[in-house]
Structures are given as C-alpha cells and as structure tokens.
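# A structural walkthrough
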Amino acid sequence: MADKDHNHKTDSTYDKQNAYNNEEYARELAADQYDPEADRDHGDRRVMEGGKGIGWLGLICSVIALFFLPIVLGIAGIIIGYIALRQGARALGGWAIGIGCLAVLIQLLRRCFGK
C-alpha cells in the first residue's frame, strides 16, 4: 500500500508535463531575465520632468501677463499650461491656466469699464 502512494504520478504537486505549459511557472523562471516594469518607469519619469519644465514656462508667461502684454502672454500661458497639464504637471499647468485667464479677464474688464 505504501508503494502505491509513492508511485502514483497523478497525485504529485510537481508534474513536469504540465509545468512547461504553466504561465506562473514560466514567469518565475524568466523573472530574473526580464522585467517589463523597468522600462515603463524610466519613460514616465522623463514625461514628468518635461511637463514640469513646460509648466514653469507657462506659469512665468502667465505671471508676466499680469503686468506686460496681458492678451498675448496670457493666452500663451493658457496654451502652455494646458500642454503641461497634459504631460503630467497638473499643479503647474493648472496655475498657469488660471493666472493666464485672470490676466486676460482683467485686461478685457479694464477696457470695458475702465479708461
């Protein structure tokens, strides 16, 4: 009876025939050789850095628009802020869009109600 338990191959937890067709087994073997997550993280980091630079440019254009050429620089700040927002710099892009809109709105209201 003890011989019957040891020689019975279908009860084995490690079956060589099915191990080569098993995805988990293949993933464990190939884990040291290839990591698909490594390439993705490196690419995202570059997008964030580019978005931050464009975000700062949009913010600078929008702040300068409060004092000099509000229509031109304000619209440029809004467009550049939107590009930065799309590339991942959400805070800088949002502030650039908001301040650019404020600069354009102040200039339009000044023409309507002011001098």
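Here the structure is a predicted model, which means the values were calculated and not measured.

What follows covers the UniProt feature "transmembrane region" (unreviewed entry) in the protein. In this numbering, the UniProt entry assigns the feature "transmembrane region" (unreviewed entry) to residues 54-85 and 91-109. Note that residues 91-109 is 100% helix and 0% strand, and that its end C-alpha atoms are spaced 27 Å apart.

Further remarks concern the nonpolar core. Residues Leu59, Ala84, Ala89, Leu92, Ala96 and Ile99 constitute the largest nonpolar core, which totals six residues. Per-element tally for this core: the top contributor is helix α6 (residues 90-113), with three residues.

Attention now goes to the packing of helix α5 (residues 70-87) against α6. Put simply, α5 and α6 touch, their axes get as near as 7 Å, and they point 160 degrees apart. Taken together, the axis directions place α5 and α6 in an arrangement best described as roughly antiparallel. For the crossing formed where α5 meets α6, the hand is left-handed. Residues Pro70, Ile71, Gly74, Ile75, Gly77, Ile78, Gly81, Tyr82, Ala84 and Leu85 of α5 touch α6, and the partners they reach there are Arg90, Gly93, Gly94, Ala96, Ile97, Gly100, Cys101, Ala103, Val104, Gln107 and Leu108. Split into classes, the residues belonging to the contact of α5 with α6 amount to 13 nonpolar, seven polar and one charged.

Glancing now at a nonpolar patch on the surface. Residues Trp56, Ile60, Val63, Ile64, Leu66, Phe67, Phe68, Leu69, Val72, Leu102 and Ile106 make up a contiguous nonpolar surface patch of about 1100 Å² in total accessible area. Relative to the elements of secondary structure, Trp56 occurs in helix α4 (residues 36-65).

Moving on: the side chain of Gln107. In this fold, Gln107 is placed in helix α6. Given the relative accessible area of 14%, Gln107 is considered buried. Among residues more than four places away in sequence, those in contact with Gln107 are Pro70 and Ile71.

The residue Phe67 is located in the loop between α4 and α5 in this model. Given the relative accessible area of 71%, Phe67 is considered exposed. Sequence-wise, Phe67 and Ala103 are 36 residues apart; in three dimensions their C-alpha atoms are separated by 8.4 Å.

Thresholds applied
Residues numbered from 1 in each chain as written. Predicted model: local features only at pLDDT ≥ 70, side-chain atom pairs only at ≥ 80, totals over all residues. Heavy atoms only, no water. UniProt positions renumbered as here; feature names shortened; annotations may be inferred. Helix = DSSP H or I, 4+ residues; strand = E, 2+ residues; numbered from the N terminus. Core = buried A, V, L, I, M, F, W, Y, C linked by side-chain atoms within 4.5 Å. Buried < 20%, exposed > 50% of the residue type's maximum accessible area, 1.4 Å probe, protein only. Axes fitted to C-alpha atoms, helices over the stretch in contact; angles between N-to-C directions. Parallel < 35°, antiparallel > 145°, perpendicular 65-115°, else oblique. Left-handed = near helix turned anticlockwise from the far one by under 90°. Contact = heavy atoms within 4.5 Å. Nonpolar A, V, L, I, M, F, W, Y, C, P; charged D, E, K, R; others polar. Patch = residues over 30% accessible without salt bridge, like charges linked within 9 Å, V, L, I, M, F, W, Y side chains within 5 Å. Areas by Shrake-Rupley, 256 points an atom, 1.4 Å probe, with all protein chains shown as cover. Salt bridge = Lys/Arg side-chain N within 4 Å of Asp/Glu carboxyl O.

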